[in-house]
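This is what each chain is made of:
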Amino acid sequence: MLELKSVSKTFHPGTVNEKQAIKKLSLILPEGDFATIIGSNGAGKSTMFNAITGNFFVDEGEICLDGEDITFVPEYKRSKYIGHLFQDPLLGTAPHMTIEENLTLAYLRASSGNKGLFRMVKAEDRERFWKALKTLDMGLEDRMKQPVGLLSGGQRQALTLLMATMVRPKILLLDEHTAALDPATAEKVLAQTEKIVKEQQITCLMVTHNMNQALAMGNRTIMMDSGRIVADISGKERENMTVDGLLELFRKNVGEGLDNDRILLSGLN
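Q: Explain the overall build of the protein chain to me, and be specific about the residues and the numbers.
A: Check the secondary structure of the protein chain and you find 10 helices and 10 strands. Against the compact-globule benchmark of 18 Å for 269 residues, the protein chain has a radius of gyration of 19 Å, which places it among compact chains. A burial count over the protein chain gives 51% of its 269 residues as buried. Contacts in the protein chain between residues far apart in sequence, at least 24 positions, make up 67% of those at least 6 positions apart. Carbon together with sulfur atoms contributes 51% to the accessible area of the protein chain, which is approximately 13100 Å² in total. Across the protein chain, the centroid of the 32 positively charged side chains sits 5 Å from that of the 35 negatively charged ones.

Q: Go over the sheet that holds strand S7 (residues 171-175), please, and point to the residues and values.
A: One open sheet holds the six strands; their spatial order is S6-S7-S8-S3-S9-S10, and the pairing between them is mixed. The open sheet terminates on both sides in strands that have one partner only, identified here as strand S6 (82-85) and strand S10 (228-234). Neighbour to neighbour, the strand axes of the sheet diverge by 15° on average, direction disregarded. Where strand S3 (residues 34-39) and strand S9 (residues 220-225) come together, five bridges link them in parallel fashion. Paired with Ile37 across the two strands is Ile222, which belongs to S9. Packed onto the sheet, helix H5 (residues 153-165) meets S6 and S7 and runs at close to 170° relative to S6.

Q: Could you give me a rundown of the side chain of Arg156, with the residues and numbers involved?
A: Position of Arg156 among the secondary structure elements: in helix H5. In this structure the side chain of Arg156 is engaged in a polar contact, spanning 3.4 Å, whose partner is the backbone oxygen of Leu90. Filtering out sequence-adjacent residues up to four positions away, Arg156 remains in contact with Pro89, Leu90, Thr93, Pro95, Val148, Gly149 and Leu151.

Q: Describe the nonpolar core, listing the residues and the values that go with them.
A: Core analysis: the biggest nonpolar cluster contains 35 residues, and Ile99, Leu103, Leu133, Leu159 and Leu172 have the highest contact counts within it. Every element with two or more residues in this core is listed here: helix H3 (99-110), helix H4 (123-134), H5, S7, helix H6 (183-200) and strand S8 (204-207). A per-element tally of this core places H5 first, with six residues. Residues in contact with Ile99, not counting those within four places in the same chain, are Leu133, Leu140, Arg143, Met144, Gln146, Val148, Leu151 and Leu159. Of all hydrophobic cores here, the second largest spans 29 residues; its members include Leu27, Ile70, Val73 and Leu205.

Q: Outline the packing of aromatic side chains, listing residues and values.
A: Evaluation of the coordinates by the stated rule reveals three aromatic pairs. When the centroid spacing of 5.4 Å and the interplanar angle of 80° are considered together, the rings of Phe57 and Phe72 count as edge-to-face. In this pair, Phe57 is assigned in the loop between helix H1 (45-53) and strand S4 (60-65) and Phe72 in the loop between strand S5 (68-69) and helix H2 (75-78), connecting sequence segments 15 residues apart. Take Phe57: its relative accessible area is 37%, and that puts it in the partly exposed class. On the basis of relative accessible area, Phe72 is assigned to the exposed category, the value being 59%. Each ring, one from Tyr107 and one from Phe129, has its centre 5.8 Å from the other, and the planes form 80°; the classification is edge-to-face. Of the two residues, Tyr107 sits in helix H3 while Phe129 sits in helix H4, which places them 22 residues apart along the sequence. You'll find Tyr107 and Phe129 in the same group, each marked buried. Over the aromatic face of Tyr81 sits the side chain of Lys170, whose NZ or CZ is 4.9 Å from the ring centroid.

How each quantity is defined
Residues numbered from 1 in each chain as written. Predicted model: local features only at pLDDT ≥ 70, side-chain atom pairs only at ≥ 80, totals over all residues. Heavy atoms only, no water. Helix = DSSP H or I, 4+ residues; strand = E, 2+ residues; numbered from the N terminus. Rg over C-alpha atoms; globule rule 2.2 N^0.38 Å. Buried < 20%, exposed > 50% of the residue type's maximum accessible area, 1.4 Å probe, protein only. Contact = heavy atoms within 4.5 Å. Areas by Shrake-Rupley, 256 points an atom, 1.4 Å probe, with all protein chains shown as cover. Lys, Arg positive; Asp, Glu negative; His and termini not counted. Charge placed at Lys NZ, Arg CZ, Asp CG, Glu CD. Pairing = 2+ DSSP bridges. Axes fitted to C-alpha atoms, helices over the stretch in contact; angles between N-to-C directions. Polar contact = N/O pair within 3.5 Å; in protein donor to acceptor, adjacent residues only side chain to side chain. Core = buried A, V, L, I, M, F, W, Y, C linked by side-chain atoms within 4.5 Å. Phe/Tyr/Trp six-rings, centres within 6.5 Å; stacked < 30°, edge-to-face > 60°. Lys NZ or Arg CZ within 6 Å of the ring centre and 35° of its normal.

Structure below.
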C-alpha cells in the first residue's frame with residue numbers, strides 16, 4: 001500500500017540551521033499492515049508522516065501509495081485518501097462548527113467524485129454519523145448540534161479519529177494521538193483505534209512513546225533514529241520481543257542507548 005524509496009529531506013539548507021531530518025529512508029508497508037513507530041526526539045517520525053501527507057515535497061526519493069506515485073501530488077489532494085491524527089487534540093477539527101458539521105465536511109471531502117463537497121448530506125448520512133458516534137460510548141451522538149469547541153480533549157480526539165476513517169482511507173497516520181490525554185481517556189481512544197483499524201482493515205502507521213504499546217498494538221514495530229529506520233521487527237521475532245530486548249536492539253543498531261525519558265519511563269509500566 002505504501003512505499004518510500006530512498007526519501008530524504010533537509011530543512012534550511014545552506015544555513016547555520018541546516019538539518020537533514022530524513023536520510024535515504026526506505027519503507028514498504030503492505031496493505032493491512034499496522035506498524036507502530038518509536039524513536040528518540042528528532043528521529044524523523046513526524047517528518048516522515050509530513051512527507052507522506054504532502055506537507056512538503058521531499059528533496060529526493062519517491063513516495064508511492066496504492067501503486068500511484070504521489071511524490072509531487074499536493075497535500076489537499078492527498079488528504080482525500082490519507083487520514084492523519086496529531087498529538088494535539090485541538091488540531092483536525094473546526095471548534096466553532098458543530099459535531100455534525102465537522103463529520104459532514106470530513107465525509108464529503110473523502111467521498112469519491114470531484115463533486116463530493118457540493119452534494120447535499122442525506123438523512124442516511126446523518127444516521128451513519130449518529131451510529132458512528134454512538135460506538136465511542138461518550139454520549140456524543142446526543143450532542144451532534146453542539147460546537148466541537150465545547151468538547152474535552154479526549155472527545156475531540158475520538159471525533160477526529162471518526163472523521164479520518166468515516167470513509168476508509170488508504171492509510172491512517174497516528175502521530176502520538178493519545179499522548180496529550182489522561183490515561184483513562186487515552187486507553188479508551190486506543191481501544192477505539194484498534195477496533196476501527198481492525199474492522200476496516202486499514203493500513204496504519206502509529207507513532208507512540210509507549211514501549212508496551214509499540215509491541216502490543218498492530219503486527220509490526222519500527223524504530224527510528226537520526227532520520228532513518230534502525231530496526232523493523234514482525235512475526236515471531238516481535239512476538240518474543242520484550243521492552244528490554246527492544247532497548248537492547250536499539251542500542252546494538254545505533255551504538256548508543258535510547259535517550260527519550262518518556263519512552264524509557266513507559267517501559268516501566
